[in-house]
Amino acid sequence: MMCPKLVGLAIPKSVEHIGINGIFANSDMKLSVEEGNPFYDSREDCNAVIASQNDSLVQGSNLSRIPPSVKIIGDLSFGGCLDITSLRLPEGLTTIGNEAFSACYNLAELSLPSTLVRIGSRGFYYCAFSEVTLSEGLKSIGSYAFQFCRNMKQVRFPQTVRSIGEGVFDRCVALDRITVLATTPPEVATGQPMLPEEEYATTVLTVPEGCEETYRKHKVWGRFKNIVERDLTAIHSPSDATKKQRTTYDLSGRRLSARPMKGLYIEDGKVRVGAQK
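Everything quoted here is computed from the prediction, not taken from an experiment.

So, how was this worked out
- Residues numbered from 1 in each chain as written.
- Predicted model: local features only at pLDDT ≥ 70, side-chain atom pairs only at ≥ 80, totals over all residues.
- Heavy atoms only, no water.
- Helix = DSSP H or I, 4+ residues; strand = E, 2+ residues; numbered from the N terminus.
- Buried < 20%, exposed > 50% of the residue type's maximum accessible area, 1.4 Å probe, protein only.
- Contact = heavy atoms within 4.5 Å.
- Areas by Shrake-Rupley, 256 points an atom, 1.4 Å probe, with all protein chains shown as cover.
- Phe/Tyr/Trp six-rings, centres within 6.5 Å; stacked < 30°, edge-to-face > 60°.
- Salt bridge = Lys/Arg side-chain N within 4 Å of Asp/Glu carboxyl O.
- Core = buried A, V, L, I, M, F, W, Y, C linked by side-chain atoms within 4.5 Å.
- Pairing = 2+ DSSP bridges.
- Polar contact = N/O pair within 3.5 Å; in protein donor to acceptor, adjacent residues only side chain to side chain.

Could you clarify how one ought to interpret the overall build of the protein chain in this entry?
Looking only at helices and strands, the protein chain features 1 helix and 22 strands. Burial status across the protein chain gives 47% buried among its 277 residues. In the protein chain, of all internal contacts separated by at least 6 residues, the share reaching a separation of at least 24 is 33%. A total accessible area of about 13500 Å² is found for the protein chain, and carbon and sulfur atoms account for 49% of it.

I tried to follow the packing of aromatic side chains on my own but got confused; where do I start?
Here a ring pair, both rings aromatic, is described through the centre-centre distance and the interplanar angle of the planes. Applying the stated rule across the entire model yields 15 aromatic pairs. Relative to F101, the ring of F78 lies with its centre 5.2 Å away and its plane at 10 degrees, an arrangement referred to as stacked. Linking F78 in the loop between β6 (72-73) and β7 (86-88) with F101 in the loop between β8 (95-96) and β9 (109-111), this pair joins segments that are 23 residues apart in sequence. You can call F78 buried: its relative accessible area is 2%.

How should the pattern of salt bridges be read in this particular structure?
Side chains that carry opposite charge are capable of pairing whenever their charged atoms lie near each other. Considering all chains together, one arrives at 5 salt bridges under this definition. Between D55 and R43 there is a salt bridge, with the nearest N and O atoms lying 2.9 Å from each other. Of this pair, D55 sits in the loop between β4 (49-51) and β5 (56-59) while R43 sits in the loop between β3 (40-41) and β4, and the two are 12 residues apart along the sequence. With a relative accessible area of 18%, R43 lands in the buried category. A salt bridge links E212 to R216; its shortest N-O distance comes to 2.9 Å.

Which parts of the structure should I look at to understand the nonpolar core?
Across soluble globular proteins, nonpolar side chains have a tendency to be buried as a group. Within the largest apolar cluster, 56 residues are counted, with the highest numbers of intra-cluster contacts made by F124, F146, F157, F169 and W221. Elements supplying a minimum of two residues to this core: β13 (154-157), β15 (177-180) and β17 (204-208). Beyond its immediate sequence surroundings of up to four residues, F146 is in contact with I119, F124, F129, V132, L134, I141, M152, V168, F169 and C172.

Would you mind showing me how to read the pairing of β15 here?
Consecutive side chains along a regular strand alternate between the two faces of the sheet. Alignment of β13 against β15, held across 4 bridges, turns out to be parallel. Paired with Q154 across the two strands is R177, which belongs to β15. Looking at chain direction, β15 and β17 are connected through 3 bridges and run parallel. By the bridge assignment for β17, T179 is matched with T206.

I keep staring at the sheet that holds strand β14 (residues 163-164) and nothing clicks. Help me out?
Within a beta sheet, neighbouring strands are joined by backbone hydrogen bonds and run either parallel or antiparallel to one another. An order of β3-β4-β5-β6-β8-β10-β12-β14-β16 is seen for the 9 strands of this open sheet, with the pairing classed as mixed. Two strands lie at the open edges of the sheet, namely β3 and β16 (187-188), each paired on one side alone.

What exactly am I supposed to notice about the side chain of S64 here?
Structurally, S64 can be placed in the loop between β5 and β6. Among the polar contacts listed, one links the side chain of S64 to the backbone oxygen of N47, at a separation of 2.5 Å. In this structure the side chain of S64 is engaged in a polar contact, spanning 2.8 Å, whose partner is the backbone nitrogen of S61. Discounting chain neighbours no more than four positions away, the residues touching S64 are C46, N47, A48 and F78.

Spelled out as structure tokens, the structure:
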């Protein structure tokens, strides 16, 4: 529902079902669920609505924090949240639903967890990041997942990816390098080309050493004119366990699952200010 003047919504304990995009993601909407609801909750004061049975976040807003217990980001749950500029999704998350972060036009920084298995169709449609590293463990990427990400220049696929939907980089006009760590070319759905037709001539496809010929023979990957092979064995995902994990607290000393977008918080012993002032 589209209620542009609605600034807050409390879900009563009598509610048993919320449909996809049943609540419009107004900027700065405050969301809560009454205690005692057996189907939904708003755990850790996260300012989001979570389906309790499967730990699926079904509705968020610019003010939401994603608790570490969330396993699924539901379809359309953050669509159109214009104040989200950076996103570090928690370890334990397995699924990003269809259009989950679509039209988050100002989302410029993205960090994905090593537990992520699936990104749904148009999951990050029309976002602003210039580079994406897809974490090891990811197996499936839906159609048009990064469509209209016009600032995207580089993307890296992990060894684990098996299937990629059609048009995954459609209208990504700045894309100039794709790196694939898999020795077996991932299957790509036919139909809408993976990226704009003219980009096949200019975008560099980097594949593991000894795999160039295999990719050239593939019906989709073989369309790239510039395929180079390199030793990619030393490349690790930025979500690798060796990466330093920062601990963030609010001013009351409560540990937070993610950096807040607004207000003051404490990180590494220093008081910091959220990206949105």
